[in-house]
Amino acid sequence: MPRRLSRPRLLPRGPRLRPLPAGLFDDISARTETVPDQWQVQIQARIQSGSRVVMHTGFLSDADLATAHLEQTRDISATVAEALAAAGPDARVCVLPEGPQTIPYIDEARS
């Protein structure tokens, strides 16, 4: 029988579990020891603490995305238009067409 390797937990377990990204970010920031790959969860929690994150995917269900505090959109154009209208005339939006393979930057000439 193959031996299962144990992996360090990236997310807190039990009563310490904080379901919101801000709580998760606080938990990770308070650690005295880093856990392998925790930076991915930490960066995502930091982003979601102050921003709404919406995905368009055919691979994950709405329920799957909700467990990660993400929203699903079926119409990217409509979702962007609604978000910009709700945020006001000085709003900006960041679209990552290739997800984590995209490196966002601000073009100062256009801002």
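All values reported here derive from a predicted model rather than from experimental measurement.

Peer 1: What exactly am I supposed to notice about the overall build of the chain here?
Peer 2: Scanning the chain for helices and strands turns up four helices and two strands. Ordered by position from N to C terminus, the α and β elements of the chain give α-α-β-α-β-α. Considering only contacts within the chain whose residues lie at least 6 apart along the sequence, 28% involve residues at least 24 apart. Working note: accessible area of the chain is about 9400 Å², and carbon and sulfur atoms make up 57% of it.

Peer 1: In this structure, what is going on with the packing of helix α1 (residues 21-29) against helix α2 (residues 38-50)? I would like to understand it.
Peer 2: In a packed pair of helices, the relevant descriptors are the angle between the two axes and the axis-to-axis distance. For the pair α1 and α2, interaxial distance at closest approach is 8 Å and the crossing angle is 140 degrees. Between α1 and α2, the angle falls in the class oblique. The handedness of the crossing between α1 and α2 comes out as left-handed. Contacts between α1 and α2 involve Pro21, Ala22, Leu24, Phe25, Ile28 and Ser29 on the former and, on the latter, Gln38, Val41, Gln42, Ala45, Arg46, Gln48 and Ser49. Split by residue class, the contact of α1 with α2 holds seven nonpolar, five polar and one charged.

Peer 1: Even after reading the chapter, I still don't get the pattern of salt bridges, so can you show me in this structure?
Peer 2: Where side chains of opposite charge bring their charged atoms close, a pairing between them can arise. Inspection of the entire model under this criterion finds two salt bridges. Across the salt bridge formed by Arg52 and Glu71, the nearest N and O atoms sit 3.0 Å from each other. Of this pair, Arg52 sits in the loop between α2 and β1 (54-55) while Glu71 sits in strand β2 (residues 71-72), placing them 19 residues apart in sequence. For Glu71, a relative accessible area of 35% gives the class partly exposed.

Peer 1: I tried to follow the side chain of Gln72 on my own but got confused; where do I start?
Peer 2: Turning to its location among the elements, Gln72 is positioned in strand β2. Of note is the side chain of Gln72, whose polar atom sits 3.1 Å from the backbone nitrogen of Thr57. Among the polar contacts listed, one links the side chain of Gln72 to the backbone oxygen of Leu60, at a separation of 3.2 Å. What Gln72 contacts, discounting residues up to four positions off in sequence, is Val54, Met55, His56, Thr57, Leu60, Asp62 and Leu65.

Conventions used here
Residues numbered from 1 in each chain as written. Predicted model: local features only at pLDDT ≥ 70, side-chain atom pairs only at ≥ 80, totals over all residues. Heavy atoms only, no water. Helix = DSSP H or I, 4+ residues; strand = E, 2+ residues; numbered from the N terminus. Contact = heavy atoms within 4.5 Å. Areas by Shrake-Rupley, 256 points an atom, 1.4 Å probe, with all protein chains shown as cover. Axes fitted to C-alpha atoms, helices over the stretch in contact; angles between N-to-C directions. Parallel < 35°, antiparallel > 145°, perpendicular 65-115°, else oblique. Left-handed = near helix turned anticlockwise from the far one by under 90°. Nonpolar A, V, L, I, M, F, W, Y, C, P; charged D, E, K, R; others polar. Salt bridge = Lys/Arg side-chain N within 4 Å of Asp/Glu carboxyl O. Buried < 20%, exposed > 50% of the residue type's maximum accessible area, 1.4 Å probe, protein only. Polar contact = N/O pair within 3.5 Å; in protein donor to acceptor, adjacent residues only side chain to side chain.

Remember that the coordinates give geometry; whether it matters functionally is a separate question.
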